[in-house]
Amino acid sequence: MEDVVVCGGGPAGLAAATWLARYRRKTVLIGHGPARNLVSGASHGYLGHDGEPPGELLATGREQLARYPTAQLVNRHVVSAVRTRDSFTVRTEEETYKCHRVVLATGVQDALPDIPGFDEIYGVHAFHCSCCDGYESEGQDVLAIGWGEHAAGFALDLLEWGARVVLVTNGQEFEGDRTSEAALHRHGIEVIEERVVTIHTEGSRMTGVELESGRSLDATRAFFSIKHAPNNDLARELGCDIDDHGHVVVGPHGETSVDGVYAAGDLTPGEQLVQRAASEGAVAGIACAMSLRGMSTASAAPDPGPDPSAELGLD
């Protein structure tokens, strides 16, 4: 029997597992597949790690977690998580784990534009987060890709970074209302309802795109906002409350509506930043560890300490 199984090996999951290990809880971190931002050359704005490649950040986190004797890292994909009478059963393709608590940190999945060659520029010249990568767009021609109601706000936000912006819907009908259209026009952002058929590059630089009409647009960077789907299958299977956007509803310490289940990171509502995911993971990990006060299945753990609230009559 494990104390906790953490589902997800990104910043939120690693932070949660690290704090659980520091509380000497017997913890299994199950993570498989690339993190959302792993294609990016650098992660920005994280205190002490600005400009660090995301892969290095995660590799360091895994290396540091592995130093704790009560922590185990498993490179698998969780296929199911269910609650039994007084515990949880978490299954991968090959193993089954019984545990007292579950932390969900399964993140979100971004929908990429259907543009030939887009995979080659994603994370190099094309990005999904203007907040994360907008700084480097000053004075550049930027292609904003999207068509939903939020696309106007996304394109306007890029002006904050000093970019020259064109909004391309990639052949979809623009879903913004008249107010959105007026705002875009007022700030000189053209809306083009055409597909992008070719991405032009010169050496290591993106130079522009060609539309299906044959028109060419100068563009040295691209940002897209289509949709991202929270990976909430496990949360739904466990019976956690889900909001209208598919995110898992949590309390101030990462607790979900299901007793014994915690969630953190992009899977939960709010800004989707690496530092926020790590912070939420730490908070959820500590709360999860403290919820096990008085219980210990980890051989390296000391005898459980007293409950301060109970000892001081604060309950």
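In this text, all values refer to a predicted model and were calculated from it rather than measured experimentally.

About the thresholds
- Residues numbered from 1 in each chain as written.
- Predicted model: local features only at pLDDT ≥ 70, side-chain atom pairs only at ≥ 80, totals over all residues.
- Heavy atoms only, no water.
- Helix = DSSP H or I, 4+ residues; strand = E, 2+ residues; numbered from the N terminus.
- Phe/Tyr/Trp six-rings, centres within 6.5 Å; stacked < 30°, edge-to-face > 60°.
- Buried < 20%, exposed > 50% of the residue type's maximum accessible area, 1.4 Å probe, protein only.
- 1 Å grid on protein atoms, 1.4 Å probe; cavity = no way out; pocket = protein on both sides within 12 Å on 5 of 7 lines; lining within 4 Å.
- Points joined across faces, edges and corners; volume = space filled by probe spheres on them.
- Nonpolar A, V, L, I, M, F, W, Y, C, P; charged D, E, K, R; others polar.
- Pairing = 2+ DSSP bridges.
- Contact = heavy atoms within 4.5 Å.
- Axes fitted to C-alpha atoms, helices over the stretch in contact; angles between N-to-C directions.
- Right-handed = clockwise from strand over helix to strand, strands pointing away.

Undergrad: Explain unusual backbone geometry here, please?
TA: Note: most peptide bonds trans; most residues except glycine with negative phi. Even without being glycine, Arg24 reaches a positive phi, approximately 60°. Summarising the element assignment, Arg24 is placed in the loop between α1 (11–22) and β2 (27–30).

Undergrad: Whenever I open this one, the packing of aromatic side chains confuses me. Can you help?
TA: Two numbers describe a pair of aromatic rings. These are the distance of the centres and the angle of the planes. Taken as a whole, this structure holds 4 aromatic pairs when the rule is applied. For the pair Phe118 and Phe224, a centre-to-centre distance of 5.4 Å together with 85° between the ring planes defines the contact as edge-to-face. Separated by 106 residues along the polypeptide, Phe118 in helix α3 (residues 118–121) and Phe224 in strand β15 (residues 221–224) bring together distant segments of the chain. Owing to a relative accessible area of 2%, Phe118 belongs among the buried residues under this scheme. Judged by centre distance (5.5 Å) and plane angle (65°), the rings of Tyr122 and Phe224 are edge-to-face. With Tyr122 in the loop between α3 and β8 (126–127) and Phe224 in strand β15, this pair connects stretches of sequence that are 102 residues apart. You'll find Tyr122 and Phe224 in the same group, each marked buried. Aromatic ring contacts, followed pair by pair, group Phe118, Tyr122 and Phe224 into a single cluster.

Undergrad: Is there a simple way to explain empty space enclosed by the protein in this structure?
TA: Enumeration over the complete set of coordinates arrives at 1 cavity of 30 Å³ or more. Along its surface, the largest cavity is lined by Ile115, Phe118, Ile121, Leu143, Ile145, Val196, Ile199, Met206, Val209 and Ala222. Contributions of two or more residues to the lining of the largest cavity are made by α3, β9 (141–145), β12 (196–202) and β13 (205–211). Classifying every residue of the lining of the largest cavity by side-chain character gives 10 nonpolar, no polar and no charged.

Undergrad: It is not clear to me how the sheet that holds strand β11 (residues 190–192) should be interpreted in this structure. Could you clarify?
TA: Within a sheet, each strand pairs with its neighbour through backbone hydrogen bonds, oriented either parallel or antiparallel. Strand order in this open sheet of 5 strands is β8-β15-β9-β10-β11, and the pairing throughout is parallel. Here the strands that pair on one side only, and so sit at the sheet edges, are β8 and β11. Across the sheet, helix α5 (residues 151–158) is in contact with β9, β10 (164–168) and β15; its angle to β10 comes to roughly 160°.

Undergrad: How should I be thinking about the pairing of β2 in this particular structure?
TA: Looking down a regular strand, the side chains alternate between one sheet face and the other. Of the two faces of β2, the one holding Thr27 and Leu29 and the one holding Val28 and Ile30 are both buried throughout. Here strand β1 (residues 2–7) pairs with β2 via 4 bridges, running parallel. Note that in β2 the partner of Val5 across the bridge is Val28. Handedness of the crossover is the feature at issue here: the chain leaves β1, passes through α1, returns alongside β2, and the resulting connection is right-handed. Summarising the sheet, β2 and strand β3 (residues 71–74) pair through 4 bridges and their orientation is parallel.

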